Amino acid sequence: LPRPPTNLTLESSQATSLKVKWDPPTDCNTKPSFNITVHALNSEVQAKMSEEIIKEIETNIFTLKLPEIVGTGEPYEISVETVIQVSGKLYQSSPIKKVFVTKPLPPEKLVVPPADDQEFVWKRSMSPSVKTYKFKIKKDDDKATDFWIHDDIEQKYDVYHQNEVKFKLHFEFLEGVEYKINIYSLIEHEGNWIESEPLHGKVTKEANDSPEVNSNEERKPVITLSRNTTNIKMGRKPSMKRKTSRQHTQNDDFVGSRLSNSSKS
């Protein structure tokens, strides 16, 4: 039998595709081909695929197309076998297997609040597996401040029932300064956080120059954006030892905290 491929690695991950690569065996006397099998670890996603994806190819790099929406932010077991033909007969190696994960879909439609409220709103990620979001804010070349938002509500999978996430930001905005905001959908797999592409926004706190404000009235500042309540819990970066939806007990009375290990966005 031929030797199996080695060094199966992930070249790139997108929401609906995985690009994988491997090293072919070097001791084949004939040019090998390869069988690729894809199995979704989530039974509901596997049911959408109808059956395992099986491809026979001659190259050692391949991009796998996976189900939209329900297949995003999900783990898949990829199996690759070496196949050679000798005297008209096909011989297959034992498989090499690894699990890779597609990116979750990003949140959508950021809405900016009044300055005295600072409750930001966005549409939830359409990826069913997403329960956590990272809200990153920074100005100029300063270090970013990260906030983690945990959402326990059951997700709907279509745009007509896409729930909102509401997040009251405890952050001091300076007037006239532009801040960059990135919001990411997150999923956890084997101790690693996998991020979506970001939802971008730029906000500025400005004096309210609306003509509706009487000159004798106090002009409250407003936050402007350049460009249904969920069950939200907020806190520190989630521990990998427990599910994010169970991070805090009922006795937790804080609503949010900035991470001490801030990083540049």
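Look up a bit, the structure's there.
Reading the values: rules and limits
Residues numbered from 1 in each chain as written. Predicted model: local features only at pLDDT ≥ 70, side-chain atom pairs only at ≥ 80, totals over all residues. Heavy atoms only, no water. Helix = DSSP H or I, 4+ residues; strand = E, 2+ residues; numbered from the N terminus. Buried < 20%, exposed > 50% of the residue type's maximum accessible area, 1.4 Å probe, protein only. Areas by Shrake-Rupley, 256 points an atom, 1.4 Å probe, with all protein chains shown as cover. Polar contact = N/O pair within 3.5 Å; in protein donor to acceptor, adjacent residues only side chain to side chain. Contact = heavy atoms within 4.5 Å. Pairing = 2+ DSSP bridges. Axes fitted to C-alpha atoms, helices over the stretch in contact; angles between N-to-C directions. Core = buried A, V, L, I, M, F, W, Y, C linked by side-chain atoms within 4.5 Å.

> Quick rundown of the overall build of the protein? Include the residues and the values.
Of regular secondary structure, the protein possesses one helix and 18 strands. For the protein, buried positions account for 43% of its 265 residues. Summed over its atoms, the accessible surface of the protein is roughly 15200 Å², and 45% of this surface lies on carbon and sulfur atoms.

> If you had to explain the side chain of Ser196 to someone new, which residues and values would you point to?
Mapped onto the fold, Ser196 is located in the loop between β15 (192-195) and β16 (199-207). For Ser196, a relative accessible area of 4% gives the class buried. In this structure the side chain of Ser196 is engaged in a polar contact, spanning 3.0 Å, whose partner is the backbone nitrogen of Ser185. When neighbours within four sequence positions are excluded, Ser196 is seen to be in contact with Pro104, Leu105, Pro106, Pro107, Tyr184 and Ser185.

> Any details on the sheet that holds strand β9 (residues 108-111)? Residues and values, ideally.
In spatial order, the strands read β9-β10-β13; together these three strands make up an open sheet with antiparallel pairing. Each edge of the open sheet is held by one strand with a lone partner, namely β9 and β13 (164-168). Here the average twist between neighbouring strands, direction ignored, is 20°. Examined bridge by bridge, β9 and strand β10 (residues 119-123) share two bridges and lie antiparallel to one another. Bridging across to β10, Glu108 finds its partner in Lys123.

> So what about the nonpolar core? Which residues, and what values?
Residues Phe120, Trp122, Phe135, Ile137, Leu169, Phe173 and Ile181 are the most contacted members of the largest nonpolar core, which totals 24 residues. Counting residues per element, this core draws most heavily on strand β14 (residues 178-189), which supplies four residues. With near-sequence residues (within four places) excluded, Ile137 lies in contact with Ala144, Thr145, Phe147, Leu169, Phe171, Phe173, Tyr179, Lys180 and Ile181. Grouped together as the second largest cluster of nonpolar side chains are 19 residues, Leu18, Val20, Val45 and Phe62 included.

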